[in-house]
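Residues per chain are reported as follows:
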Amino acid sequence: MKVVRVEAWHVVYPFRGFFKFLTGRGHHVLTVALTAEDGTVGWGQSPFPTRWSYESAEVALVVVARHYGPAVLGCNPLEIDSINQKLDQVLAPGWTQGFPITRAAIDIALHDLAGKLLGQPVWRLFGREAPGPVRLSWTVNVSSLEEAEAVVEEGRQRGYRNFNLKVAPDVRFDVELARLVRSMAPEGFLWADANGGYDLHSAKEACRRLAEVGVDVLEQPLRPNMISGYRELRRLRALPILMDEGIITARDLLEVIRLEMVDGLAVKVPRSGGLSGARRQLELARDAGLLVLGSGLTDPEVSLAASLHLLGGYKIDFPAALNGPQFLAAEVLAKPLPQEGDQAFVPTGPGLGVEVSREKLACLIALTEPPLATSHVVLDLQ
């Protein structure tokens, strides 16, 4: 069996509400379809919040067209590890693996295609038992306490019981925000994410004061290259410290573990080059006794389904900060992912267990304003 066609689209999802990484026209997403010679299609997606990463969907489309797409054509889609090794050679890495978000769309599509060809859901490809639902966390990203109260109440009305807060750099405001959310969700899991926005002095203060008002974990308080700062924060033992940005490969995580920088990891499928990389990180973190929480980049449905297979298959108990359902106002699936309140159910069909509607995809492309100069790539095996 061979991959005989690679297609890629750059689409823009409209969004609702305010989120610090979603600005301008909407959420830019790379959607990939890999077709096997029997006509079976595997789908993948990656979101590109350009205020979070150097990668952009425009560049990703070129990388797929000129480098990754040609490398995948003609490969056996069941040999995912060997394909990823091949892609490692196509473009040289920098400090770590290059273009991980772009790679993620291809890797997810390969898993979807392999699962469909084998008649197995992705979580079964991982050797896991049937998963239960994945609990989702509601994101609170606000600039005032009055706004925060309304956002938390909206989440509660939609059945969410656990909340993640966007914090930094204002420690005083962050503490009052956490105090408010804790008062409205006294039994919930409260997760603060600074996205590297504190300096070391502020991070130390934030650790102590956020712990006092009931925050359970603090994610990415410093920029990822502040190694000595992370070691110092961890020695405070005020709050468990998680890392997100800066962990692209399992090798990166291994160095962080050896340097005793963190207490846990926020696993992100798109940040990690796809399911292959995220799964290796998850297993390594568990073996090292670290906390493992699931997160994303405001993932659209196909990418979200991939995260559900990973987190559900490995039975991650903590609520996952997968906020695509909260912020995205469009969809491309023929049938939406099942969700009841904050419980997202892992699909059980072959592959990712979802079906992309090309009609809905075409409508989303048509609604993108202004029209993108280049939005579609098609490569066929000669």
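Before reading further, recall that the structure is shown in the block above.
So, here's what we can say about the structure. As the structure is a computational prediction, the values presented were derived from the model and not from experiment. (Residues numbered from 1 in each chain as written. Predicted model: local features only at pLDDT ≥ 70, side-chain atom pairs only at ≥ 80, totals over all residues. Heavy atoms only, no water.)

### Remarks on helix α2 (residues 80-90)
Since there are 3.6 residues in each turn of an α-helix, residues three or four apart along the chain are aligned in direction. Keep this limit in mind: Partly exposed describes any residue whose relative accessible area lies between the buried limit of under 20% and the exposed limit of over 50%, with all areas from a 1.4 Å probe on protein chains only and scaled to the type maximum. Strands here mean DSSP runs of E at least two residues long; helices mean DSSP runs of H or I at least four residues long; both are numbered from the N terminus. What the arc describes is the spread of directions from the helix axis to the C-beta atoms. Residues count as neighbours in contact if any of their non-hydrogen atoms are within 4.5 Å of one another.
For α2, every residue scored as buried is listed here: Ile80, Ile83, Asn84 and Leu87. Projected down its long axis, α2 shows its buried positions confined to an angular sector of 100°, all on one face. Exposed and oriented more than 90 degrees from the buried face of α2 are Asp81, Gln85 and Gln89. Looking at the buried residues of α2, the elements they touch are α1 (57-72), α3 (100-118) and α10 (275-287).

### With respect to empty space enclosed by the protein
Condition: Site definitions follow a grid-based scheme: protein atoms alone, a 1 Å grid, a 1.4 Å probe that fits but cannot get out for cavities, and for pockets an open set with protein on both sides within 12 Å along at least five of seven lines, plus lining residues having an atom within 4 Å of a point. Grid points are joined across faces, edges and corners, and a volume is the space filled by probe spheres set on the points. Three categories are distinguished: nonpolar for Ala, Val, Leu, Ile, Met, Phe, Trp, Tyr, Cys and Pro, charged for Asp, Glu, Lys and Arg, and polar for the others, with Gly belonging to the last.
All told, the structure shown has 1 cavity of 30 Å³ or more when counted by the stated rule. Of the volumes computed, that of the largest cavity is approximately 150 Å³. Contributions of two or more residues to the lining of the largest cavity are made by β6 (163-166) and β7 (190-193). In the lining of the largest cavity, the residues fall into 7 nonpolar, 7 polar and 4 charged.

### Things to note about the pattern of salt bridges
Formally: Whenever a carboxyl oxygen of Asp or Glu lies within 4 Å of a side-chain nitrogen of Lys or Arg, that contact is scored as a salt bridge.
Under the defined criterion, the tally for this structure stands at 19 salt bridges. The partner of Asp112 in a salt bridge is Lys116, with the nearest N and O atoms 3.1 Å apart. Of this pair, Asp112 and Lys116 both sit in helix α3, separated by 4 residues, roughly a single helical turn. Classification of Lys116 as partly exposed rests on a relative accessible area of 26%. Note that Arg158 and Glu154 form a salt bridge whose closest N and O atoms lie 3.9 Å from each other. On the accessibility criterion, Arg158 (34% relative accessible area) is partly exposed. Among the ionic contacts, a cluster of salt bridges with common partners joins Arg234, Arg237 and Asp263.

### Points about the side chain of Asp252
What counts here: Positive charge is attributed to Lys and Arg, negative charge to Asp and Glu, and no charge count is given to His or to the chain ends. By the criterion applied in these results, polar contacts are pairs of N or O atoms within 3.5 Å in which, for protein atoms, one can donate a hydrogen and the other can accept it, and in which residues neighboring in sequence qualify only through two side-chain atoms.
Tracing the chain through its elements places Asp252 in helix α9 (residues 250-258). There is no salt bridge for the buried Asp252, and the closest opposite charge comes from Arg251, which lies 6.2 Å off by N-O distance. Here Thr96 takes part through its side chain, which lies 2.7 Å from a polar atom of the side chain of Asp252.

### A look at the packing of aromatic side chains
Applied cut-off: Any Phe, Tyr or Trp ring, taking Trp's six-membered ring, that has another such ring centre within 6.5 Å forms a pair; planes under 30 degrees apart are called stacked, those over 60 apart edge-to-face, and the others tilted. Counting as a charge over the ring demands two things of the Lys NZ or Arg CZ atom: a distance within 6 Å of the ring centre and an angle within 35 degrees of the ring normal.
One pass over the structure, following the stated rule, counts 5 aromatic pairs. Ring geometry for Phe126 versus Tyr314: centroids 6.4 Å apart, planes at 45°, classification tilted. With Phe126 in the loop between α4 (122-125) and β4 (134-135) and Tyr314 in the loop between α11 (301-313) and α12 (324-327), this residue pair connects regions lying 188 residues apart in the sequence. Judged on exposure class, the residue Phe126 and its partner Tyr314 are both buried. Here the guanidinium or amino end of Arg103 rests over the ring plane of Tyr68, the centre of that ring lying 5.7 Å away.

### Observations regarding the pairing of strand β1 (residues 3-13)
We count it as follows: Two strands are said to pair when DSSP picks up at least two bridges between them.
Burial within β1 is extensive, with 9 of its 11 residues counted as buried. Here β1 runs beside strand β2 (residues 27-36); their pairing, made up of 10 bridges, is antiparallel. Bridge pairing links Val12 to His28 in β2. Two strands pair when backbone bridges link them, and β1 and strand β14 (residues 376-380) are joined in this way by 5 bridges, in the antiparallel orientation. Bridge pairing in β14 links Trp9 to His376.

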